[in-house]
Structures are given as C-alpha cells and as structure tokens.
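Here are the chains, one letter per residue:
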Amino acid sequence: MTGFAHIAENLHEIRARIAAAQAEAGAAPRVELIAVSKTHPAEAVQAALQAGQRVFGENRVQEAAAKFPALRGAYPDLKLHLIGPLQTNKVRQAVETCDAIQTVDRDRLAEALATELAKQGRRPDLFIQVNTGEEPQKAGIPPAEADGFIRRCREELRLPIVGLMCIPPAEEHPAPHFALLREIARRHDLAQLSMGMSGDYETAIRFGATHVRIGTAIFGRRERPAAG
Ligand SMILES: *Cc1c(COP(=O)(O)O)cnc(C)c1O
C-alpha cells in the first residue's frame, strides 16, 4: 500500500473542512462526501476504504465495472455514484454497477433508464444534471428545459429522482450556478443537491450542497485526463 498514505490524511482534512463549512452555513442536511476515484487504481480506492470512506464516484461505466465489483465483496456497504455522461447503450451495465446515477439529462436516456430499472428491479438514486452554464460542449439539461424534464421523469416515467447535479463552467465563479441549481430543486421539492468539487466544495456547502464530489484533493492529480 505504499504511495497511497496521503489518501487517509487528505480524507481526514477534507472531512474536517466539510464539517466546518457545514457548521458555518448552519446547514441542516448531512453532506455526503463522494470520493471521485476515476483514473486512479483499485489500490487507491482500497486506501480510502481503509480510511473509512464508503461512497465513490466514477465517470465511466466501464471503468466502474472493472474496478468496483471486487471491492464490494470486501466492503458490502460501499456505494458507487456514476457522475459522467451516460450513453444509452451503457444503461444496462450502469444500472447493474452503480447505486446512484447523477447524469440523467435527456428524454432518450430517461426512457432507457425507466425500461432498465423495471427489467432489473433496481431503484438506484437518480439525479438530473443541469447545464447551468449553458455550455454547448457540456452534458446536462439546459435550465430553461429543466422544469419540464424533471416533471416528465417523475410523473410520466416514475423515475426515482432524488435531486439535481451541476458542474459550473471552469472559468466562472461557481456561486451563481449553485444558487440556480438550488432554486430549481426548491421549485420541485427535490432534497438532494450534488455540487462542489475539489476547488469549490466549501462554497457549494454554503449554497446547500448535500453531495460534494471530490477527486484531486483526495487522490492527487490524475495522470491521464478523464473523459466527460
Ligand atoms: C472528475 C470529476 C469531479 C472531481 O473533480 P476534482 O476537481 O478532481 O475534485 C467531480 N465531478 C465530476 C462530474 C467529475 O467528472
């Protein structure tokens, strides 16, 4: 396990900072720390597990399916969130592999998920990704279409939508994006907000994040860029 000692230390520090941000915000909901392990080897995940971390995020279904089933054997309470774009041809594997899918963002995907959940009899927590910055290259439903899409997912497709997720534009201040996501969630009485990454999770908590997705600050820099 040499080379992974920093992971326990990083987790310890981040948990303390999350608790402090939460206390400062007076935020009632518990903040779930999602350790984003994309591109990092199973040994790194194992180091985090040994440090008490149980919730992980991956952005590719294939990488998740390669890394996690073996770890679940040893840690049955492990939870895995898919946080990267999901293609409809990977829906079956995503539903088999993940406990939560945070990137529901279009009709075809929502319909494929409804079919697959019925087929597998599984109810993973689903988040709708909102493209708050309206960036053409980024996944997520545009804010103007979010209300209709959320209603369709819940009322017509009966999907287990628990909340919303966003990735603010890298070059902008994230606060207005977090505020927008919170406002849309409030309109629909959705309790969960997945927002905040290594650089801005404390801000996200001030805006009511219930899930923060942190990779670099736990595992260190990624050597190859992750898709999505
Ligand atoms: C990679 C990734 C993260 C983690 O980003 P860091 O800056 O490394 O903390 C969070 N959310 C999503 C959707 C990601 O793809």
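What you see is a predicted model, and the numbers here were worked out from it, not measured in a lab.

Here's the deal with the environment of Glu111
Its place among the elements puts Glu111 in helix α5 (residues 107-120). Classification of Glu111 as partly exposed rests on a relative accessible area of 43%. Measuring from C-alpha to C-alpha, the distance between Glu111 and Ser198 comes to 32 Å, with 87 residues separating the pair along the chain.

Focus on the pattern of salt bridges
Under the definition given, this model contains 14 salt bridges. Arg30 serves as the salt-bridge partner of Glu32, at 3.2 Å between the closest nitrogen and oxygen. Residue classification places Glu32 among the partly exposed residues on the basis of a relative accessible area of 24%. Arg30 gets classed as exposed once you look at its relative accessible area, which sits at 59%. Linking Glu63 and Lys67 is a salt bridge whose minimum nitrogen-to-oxygen distance equals 2.9 Å.

Digging into the site of the ligand
Around the ligand, the neighbouring residues are Val36, Lys38, Ile83, Met165, Ile167, Met197, Ser198, Arg213, Ile214, Gly215, Thr216 and Arg222. Gly215 has a polar backbone atom sitting 2.8 Å from an oxygen atom of the ligand. Contact distances for the ligand include 2.8 Å between an oxygen atom and a side-chain N or O atom of Arg222. Considering the ligand on its own, with 390 Å² of exposed area, one finds that the protein chains cover 92% of that surface. Within the shell around the ligand, the residues separate by chemical class into 6 nonpolar, 3 polar and 3 charged.

Quick notes on the packing of helix α6 (residues 143-156) against helix α7 (residues 175-187)
Close contact between α6 and α7 brings their axes to 11 Å; oriented N to C, the two are set at 25°. As far as their axial angle goes, α7 and α6 are roughly parallel. Both α6 and α7 take part in a crossing whose hand is right-handed. Contacts from Pro143, Ala146, Asp147 and Ile150 of α6 reach α7 at Leu180, Ile184 and Arg187.

A word on the packing of helix α2 (residues 42-50) against helix α3 (residues 61-74)
Following both chains from N to C, one finds α2 and α3 inclined at 35°, their axes separated by 10 Å at the closest point. As for the relative orientation of α2 and α3, their crossing is right-handed in sense. Contacts between α2 and α3 involve Ala42, Val45, Gln46 and Leu49 from the first element and Lys67, Phe68 and Leu71 from the second. Considered class by class, the residues forming the contact of α2 with α3 number 5 nonpolar, 1 polar and 1 charged.

Considering the pairing of strand β4 (residues 100-104)
With respect to burial, β4 is a largely interior element, 5 of its 5 residues being buried. Here 2 bridges tie strand β3 (residues 79-82) to β4, and the two strands are oriented parallel to one another. From the neighbouring strand, His81 faces β4, where its bridge partner is Ala100. A crossover connection joins β3 to the parallel β4 through helix α4 (residues 91-97); in handedness this β-α-β unit is right-handed. Pairing geometry for β4 and strand β5 (residues 125-129), over 3 bridges, is parallel.

What counts, and where the lines are drawn
Just so you know, the residues in each chain are numbered from 1, in the order the chain's sequence is written. The predicted origin of the model limits local features to residues at a pLDDT of at least 70 and limits the giving and counting of side-chain atom pairs to 80 or more, whereas totals for whole chains, interfaces and linings rest on all residues. Only heavy atoms go into the side-chain values, all of them from the structure, while hydrogens and water stay out. Think of it this way: any DSSP run of H or I at least four residues long counts as a helix, any run of E at least two long counts as a strand, and we number them from the N terminus. For every residue, the accessible area obtained with a 1.4 Å probe (protein chains only) is divided by the maximum for its type, and the residue is called buried under 20%, exposed over 50%, and partly exposed between those limits. Basic side-chain nitrogens of Lys or Arg form a salt bridge, by our definition, when they fall within 4 Å of a carboxyl oxygen of Asp or Glu. We call a residue near a molecule or strand when any one of its heavy atoms sits within 4 Å of it. Contacts described as polar in this section are N or O atom pairs within 3.5 Å, which, within protein, must combine one atom able to donate a hydrogen with one able to accept it, while residues neighboring in sequence count only if both atoms come from side chains. In these tables, accessible area is a Shrake-Rupley quantity obtained with a 1.4 Å probe, and a residue counts as shielded only by the protein chains included in the view. Under this grouping Gly is polar, as are all residues other than the nonpolar Ala, Val, Leu, Ile, Met, Phe, Trp, Tyr, Cys and Pro and the charged Asp, Glu, Lys and Arg. Throughout, an axis means a line fitted to C-alpha atoms (over the contacting stretch in the case of helices), and angles, computed between N-to-C directions, take values from 0 to 180 degrees. Under this scheme an angle from 65 to 115 degrees is roughly perpendicular, one under 35 degrees roughly parallel, and one over 145 degrees roughly antiparallel; angles in between are oblique. Left-handed describes a crossing in which the near helix is turned anticlockwise from the far one by less than a right angle; the clockwise case is right-handed. By the convention used here, residues are in contact when the closest approach between their heavy atoms is within 4.5 Å. A pair of strands is labelled paired if DSSP reports no fewer than 2 bridges between them. Classification remark: right-handed applies to a crossover when, strands pointing away from the viewer, the course from the first strand over the helix to the second runs clockwise.

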